[in-house]
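Per-entry structural report
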Amino acid sequence: MNPFNEKAYKIEKCLNDWKKIYPTAYNKHDADAYTKVRTILLNGAEFEENWFMHQLCRHTTDNNLRRDVAYLRRLEQQQQKRISYFKPKDETVLETTISYEQLAVDLTAILAQTEKNKYVKAALDFALLEDFDHLYRFSDLLEMEQGISGEKLVGSYTEIMPGRPTIAEHRHPFDDVRRPVAPNAPLSTKLNTMIITAAEQQTMNFYMNLGTFYPSSDLGRKLFLEIGMIEEQHVTQYESLMDASATWLECLLMHEYCECYLYYSAMNEESDENAKKIWTLHFEQELAHLHYAAELLQKYERKDWAQVIPNAEFPHLLSFNDNCEKNKHYVRNILKNTVNNTAVLEEYTDLNNIPDDYEYFKYNNIVNKTPSAVASHKIIDSYINEFGEDYRFTVAEHPVKDLRNRKEDNIDVGRRKD
């Protein structure tokens with residue numbers, strides 16, 4: 001499908017009253033794990049575009065353009081509110097967090113398996129193992145403090161076991177910046193960088209704002225604090241991959257195109273009828289938004305949409321359901337082969353290849369001055385002390401020998417040379 005060739009209704013029809021903006025929330029006990037994941041992803045896409053448009057207005061003095069963008073942004077805000085309030089009020093911060101990390105794992109694995117740009121794929125593979133470890137740490141906290149099984153929340157779609165240990169993920173800021181993709185990069189690559197940036201940006205903001213309200217324990221608050229810092233690193237990595245040469249209105253067009261793609265993908269595999277109605281409605285509205293953005297591009301920059309997106313046919317649709325089993329195998333393979341990787345400026349290498357005095361070791365040792373007190377380690381240590389072994393959900397033994405011991409949390413993998 002080429003969304004530019006689809007008939008879109010007038011932009012004014014996208015405005016809704018309060019009744020239509022406030023949806024009936026899903027039942028947290030019955031909703032499929034991937035319905036929850038899609039809700040978070042699409043909310044993230046809306047959040048990303050809203051803040052992009054705010055930044056656009058802060059970087060132009062043209063009030064006519066500001067008004068046009070403000071109108072479009074108001075419509076996007078209504079969509080964001082509808083998705084945000086589709087989540088039920090009885091879903092706890094930690095239960096929602098499990099879905100956030102499941103999204104990070106499965107989305108990253110899906111994009112990595114289809115990405116043609118080897119450099120972008122390497123970035124996805126690198127952060128994949130870190131989000132995978134976050135899912136494990138939060139799941140142990142959930143089981144220990146709320147008695148809820150992470151396996152139940154992820155619907156058995158995603159394994160729960162150690163990845164690259166979170167304590168090893170704290171790198172010097174210089175090593176999180178990547179090279180941007182070329183302006184002529186394939187559409188699928190540009191979409192992938194936008195999608196993963198939006199997802200990680202939302203996760204970073206979620207931990208920044210809600211981690212402090214975690215009610216159950218001080219240790220849980222500290223885990224949100226620590227992993228929130230890693231999400232800052234991930235956002236730095238992914239946003240630096242995006243095409244930096246595009247103009248503001250070219251970027252706006254790409255944002256609208258990306259949302260059309262995501263909603264169309266979601267509505268084509270959604271099993272929850274209420275969710276599917278929302279995704280379908282939003283796709284129809286996004287068509288109007290996309291055509292409006294194309295008009296703004298023509299009005300203010302005298303460019304046709306085809307100059308920005310020459311081949312606008314949607315790439316292969318994003319599907320969580322079709323990839324869950326592939327993802328399990330893929331994550332295991334990346335774990336087995338790259339768990340000891342770290343970043344050196346714009347590149348990745350095995351930790352054993354970097355000098356002993358490299359900035360990674362200096363930074364990591366400052367942040368983790370007392371390793372036994374680091375929250376991500378202490379969570380697992382506390383769980384093991386209480387229950388005898390950590391909490392995991394796996395379909396086979398761990399692919400990394402050093403991470404198979406369930407009675408001791410390994411904090412040397414990816415952090416200390418062999």
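The present account deals with the structure reproduced in this document. Just so we're clear, the structure is a prediction, and the values are computed from it rather than from any experiment. (Residues numbered from 1 in each chain as written. Predicted model: local features only at pLDDT ≥ 70, side-chain atom pairs only at ≥ 80, totals over all residues. Heavy atoms only, no water.)

Notes on the overall build of the protein
For the protein, the count of helices and strands is 14 helices and 2 strands. Computed over C-alpha atoms, the radius of gyration of the protein comes to 21 Å, within 12% of the 22 Å expected from 2.2 N^0.38 for 418 residues, which places it in the range of a compact globule. Each principal axis of the C-alpha distribution contributes one length, and for the protein these read about 60 × 45 × 35 Å. Evaluated residue by residue, the protein yields a buried proportion of 59% over its 418 residues. For the protein, contacts bridging at least 24 residues in sequence account for 85% of all contacts bridging at least 6. A total accessible area of about 18,000 Å² is found for the protein, and carbon and sulfur atoms account for 51% of it. In the protein, 49 positive and 67 negative side-chain charges are present, and the distance between their average locations comes to 3 Å. (Helix = DSSP H or I, 4+ residues; strand = E, 2+ residues; numbered from the N terminus. Rg over C-alpha atoms; globule rule 2.2 N^0.38 Å. Buried < 20%, exposed > 50% of the residue type's maximum accessible area, 1.4 Å probe, protein only. Contact = heavy atoms within 4.5 Å. Areas by Shrake-Rupley, 256 points an atom, 1.4 Å probe, with all protein chains shown as cover. Lys, Arg positive; Asp, Glu negative; His and termini not counted. Charge placed at Lys NZ, Arg CZ, Asp CG, Glu CD.)

Here we look at the pairing of strand 1 (residues 341–344)
As defined by bridge partners, strand 1 adjoins strand 2 (residues 347–350) across 4 bridges and the pair is classed as antiparallel. Along strand 2, the bridge assignment pairs N341 with D350. Linking strand 1 back to strand 2 in an antiparallel pair, the connection comprises 2 residues, with L345 at a positive phi of about 50 degrees. (Pairing = 2+ DSSP bridges.)

Here we look at the pattern of salt bridges
A side chain with one charge can pair with a side chain of the opposite charge if their charged atoms come near. In total, this model carries 25 salt bridges according to the counting rule given. A salt bridge links K303 to E301, with the nearest nitrogen and oxygen atoms 3.2 Å apart. For R406, the salt bridge is made with E389, and the minimal N-O distance between the two is 3.5 Å. With R406 in the segment after helix 14 (375–387) and E389 in the segment after helix 14, this residue pair connects regions lying 17 residues apart in the sequence. Taking relative accessible area as the criterion, R406 reaches 28% and is therefore assigned partly exposed. What makes E389 partly exposed here is its relative accessible area of 31%. Through salt bridges with shared partners, a single network forms among E130, R164, R171 and D176. (Salt bridge = Lys/Arg side-chain N within 4 Å of Asp/Glu carboxyl O.)

Quick notes on the environment of D356
Of note, D356 is situated in the loop between strand 2 and helix 13 (359–367). For the pair D356 and K417, spaced 61 residues apart in the sequence, the C-alpha separation amounts to 8.9 Å. Excluding anything up to four places from it in sequence, D356 contacts F361 and K417. Among the polar contacts made by the side chain of D356, one reaches the side chain of K417 at a distance of 2.7 Å. (Polar contact = N/O pair within 3.5 Å; in protein donor to acceptor, adjacent residues only side chain to side chain.)

Remarks on helix 3 (residues 63–84)
With 22 residues, helix 3 extends 30 Å between its outermost C-alpha atoms, agreeing within 8% with the 32 Å of an ideal straight helix rising 1.5 Å per residue. Within helix 3, the full set of buried residues consists of L65, D68, V69, L72, R73, L75, E76, Q78, Q79, Q80, R82 and I83. Contact partners of the buried residues in helix 3: helix 1 (18–21), helix 2 (33–57), helix 9 (248–267) and helix 10 (273–301). (Expected span 1.5 Å × (residues − 1).)

Concerning the environment of N337
With respect to the helices and strands, N337 occurs in helix 12 (residues 324–338). With 49 residues separating them along the chain, N337 and E386 place their C-alpha atoms 32 Å apart.

What to know about a negative patch on the surface
Taken together, D381, D402, E408, D412 and D418 make up a surface patch of like negative charges. Among the structural elements, D381 can be located in helix 14. Of the residues examined, D381 reaches a relative accessible area of 31% and is grouped as partly exposed. (Patch = residues over 30% accessible without salt bridge, like charges linked within 9 Å, V, L, I, M, F, W, Y side chains within 5 Å.)

Some words on the state of the cysteines
Applying the stated criterion across every chain, the model contains 0 disulfides. With no disulfide of its own, C251 lies 12 Å from the sulfur of C258, the closest cysteine sulfur. (Disulfide = S-S within 2.5 Å.)

So, the packing of helix 4 (residues 93–114) against helix 8 (residues 218–241)
The contact between helix 4 and helix 8 brings their axes to 14 Å, and the two run at 30 degrees. One finds that helix 4 runs roughly parallel with respect to helix 8. Read as a crossing pair, helix 4 and helix 8 show a hand that is left-handed. Residues V93, L94, T97, E101 and T108 of helix 4 touch helix 8, and the partners they reach there are F224, I227, E231 and Y238. Its residues assigned to classes, the contact of helix 4 with helix 8 shows 5 nonpolar, 2 polar and 2 charged. (Axes fitted to C-alpha atoms, helices over the stretch in contact; angles between N-to-C directions. Parallel < 35°, antiparallel > 145°, perpendicular 65-115°, else oblique. Left-handed = near helix turned anticlockwise from the far one by under 90°. Nonpolar A, V, L, I, M, F, W, Y, C, P; charged D, E, K, R; others polar.)

Brief notes about the side chain of N368
Assignment of secondary structure puts N368 in the loop between helix 13 and helix 14. When sequence neighbours within four positions are dropped, the list of residues in contact with N368 reads I167, H170, V374 and R415.

Quick word on the packing of helix 9 against helix 10
At a closest axis distance of 8 Å, the pairing of helix 9 and helix 10 adopts a crossing angle of 160 degrees. Classified by the interaxial angle, the pair formed by helix 9 and helix 10 is roughly antiparallel. Judged by the twist between their axes, the crossing of helix 9 over helix 10 is left-handed. When grouped by side-chain class, the residues that make up the contact of helix 9 with helix 10 number 19 nonpolar, 3 polar and 6 charged.

Notes on the side chain of E115
Within the fold, E115 resides in the loop between helix 4 and helix 5 (118–146). Of the buried charged residues, E115 lacks a salt bridge, with K116 as the closest side chain of opposite charge at 7.2 Å. Of note is the side chain of E115, whose polar atom sits 2.7 Å from the side chain of N192. Sequence-distant contacts of E115, defined by excluding residues within four places in its chain, comprise V120, K121, L124, S188, T189 and N192.

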